[in-house]
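# Reading the structure
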Amino acid sequence: GAGVSQSPSNKVTEKGKDVELRCDPISGHTALYWYRQRLGQGLEFLIYFQGNSAPDKSGLPSDRFSAERTGESVSTLTIQRTQQEDSAVYLCASRPGLEREWDQETQYFGPGTRLLVL
Amino acid sequence: AQSVTQLGSHVSVSEGALVLLRCNYSSSVPPYLFWYVQYPNQGLQLLLKYTSAATLVKGINGFEAEFKKSETSFHLTKPSAHMSDAAEYFCAVSVHQGGKLIFGQGTELSVKP
């Protein structure tokens, strides 16, 4: 079946502009995560949505970052007033629910959005 | 707090040689442990995971890893490297089933002919 998809694949923006990144999870997956991968560094957790529960926003680096998810489908990550240090690859992942008992720990990753802030 | 340390940001092996990528974790509770691989310009793909069942875990592409609680380690091995194994490898820990992943810094594996 289709995997996690993200758009755009690449985004170049000017410092101070707002950007929106989109993630389409695997159909039926109840959990969705956003991570950031800066050049030469590991992945940093940003935010986690699980069903109708309040999202875990503990990884968002500043109040310029926000994310929304519509039900158990699409999510958008918004970065306001972008800064050069926001340049990174933003990865989205989704995970099955409890009905897939054998696989409920596995996060499936999309290809990422490469963001460059000039 | 949980953390993951991958020893060696870059490892180079010859084709056919043993691959050993090291991962140590810190967790106050029994962890869930993962190895992911990232090929150039692609997303992360799960290689294998430890979820408190067998301590020796076999994954895709001939990789395996052994959970050693006493050493807080989860090293990744493959008996014989292939050129196609060249990629970046990430070790990750989660303390809740399905919770957020805490990643190591990654190890870039190069395979020489």
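Look up a bit, the structure's there.
Residues numbered from 1 in each chain as written. Chains lettered and ligands numbered in written order. Predicted model: local features only at pLDDT ≥ 70, side-chain atom pairs only at ≥ 80, totals over all residues. Heavy atoms only, no water.

## With respect to unusual backbone geometry
If a residue is not glycine, its phi is most likely negative; likewise, a peptide bond is most likely trans. In this model, Ser7 of chain A is joined to Pro8 of chain A through a cis peptide bond whose omega is -10 degrees. Looking at where Pro8 of chain A falls in the secondary structure, it is placed in the loop between β1 (5–7) and β2 (10–13). (Helix = DSSP H or I, 4+ residues; strand = E, 2+ residues; numbered from the N terminus.)

## Overview of the side chain of Ser73 of chain B
Residue placement: Ser73 of chain B occurs in strand β8 (residues 73–78). Under the relative-accessibility criterion, Ser73 of chain B is labelled buried at 1%. (Buried < 20%, exposed > 50% of the residue type's maximum accessible area, 1.4 Å probe, protein only.)

## Things to note about the sheet that holds strand β7 (residues 75–79) of chain A
Strand pairs in the sheet, formed through backbone hydrogen bonds, run parallel or antiparallel to each other. All names here are of chain A. One open sheet holds the 4 strands; their spatial order is β1-β3-β7-β6, and the pairing between them is antiparallel. The open sheet terminates on both sides in strands that have one partner only, identified here as β1 and β6 (65–69). Here the average twist between neighbouring strands, direction ignored, is 15 degrees. (Pairing = 2+ DSSP bridges. Axes fitted to C-alpha atoms, helices over the stretch in contact; angles between N-to-C directions.)

## As for the side chain of Thr107 of chain B
Residues and elements named next belong to chain B. Along the chain, the position of Thr107 falls in strand β11 (residues 107–112). Within the structure, Thr107 has its side chain in polar contact with the side chain of Gln6 (distance 3.3 Å). Here Thr107 is in contact with Gln6, Leu7, Gly8, Ser9, His10, Val11, Leu21, Ala87, Glu88 and Tyr89, once residues within four sequence places are set aside. (Polar contact = N/O pair within 3.5 Å; in protein donor to acceptor, adjacent residues only side chain to side chain. Contact = heavy atoms within 4.5 Å.)

## A few points about the nonpolar core
In terms of nonpolar packing, the biggest core is built from 27 residues, with Trp35, Leu48, Leu76 and Tyr89 of chain B touching the most fellow members. Every element with two or more residues in this core is listed here: β2 (10–14), β3 (19–26), β4 (32–38), β5 (44–50), β7 (64–68), β8, β9 (87–94) and β11 of chain B. Beyond its immediate sequence surroundings of up to four residues, Tyr89 of chain B is in contact with Gln6, Leu21, Trp35, Tyr36, Val37, Leu47, Phe63, Leu76, Gly106, Thr107 and Leu109 of chain B. Leu21, Phe49, Ala67 and Tyr90 of chain A belong to the second-largest nonpolar core, a separate cluster that totals 20 residues. (Core = buried A, V, L, I, M, F, W, Y, C linked by side-chain atoms within 4.5 Å.)

## Some details on the interface of chain B and chain A
Every contact between the two is made by 20 residues of chain B and, on the other side, 23 residues of chain A. Taken over both partners, the interface formed by chain B and chain A buries close to 1,600 Å², and the fraction arising from carbon and sulfur atoms is 51%. Taken as a group, Leu44, Gly98 and Lys100 of chain B account for 30% of the area that chain B buries against chain A, more than any other trio of residues on that side. At the junction of chain B with chain A, the criterion picks out 0 salt bridges. (Buried area = accessible area lost by both parts, 1.4 Å probe. Salt bridge = Lys/Arg side-chain N within 4 Å of Asp/Glu carboxyl O.)

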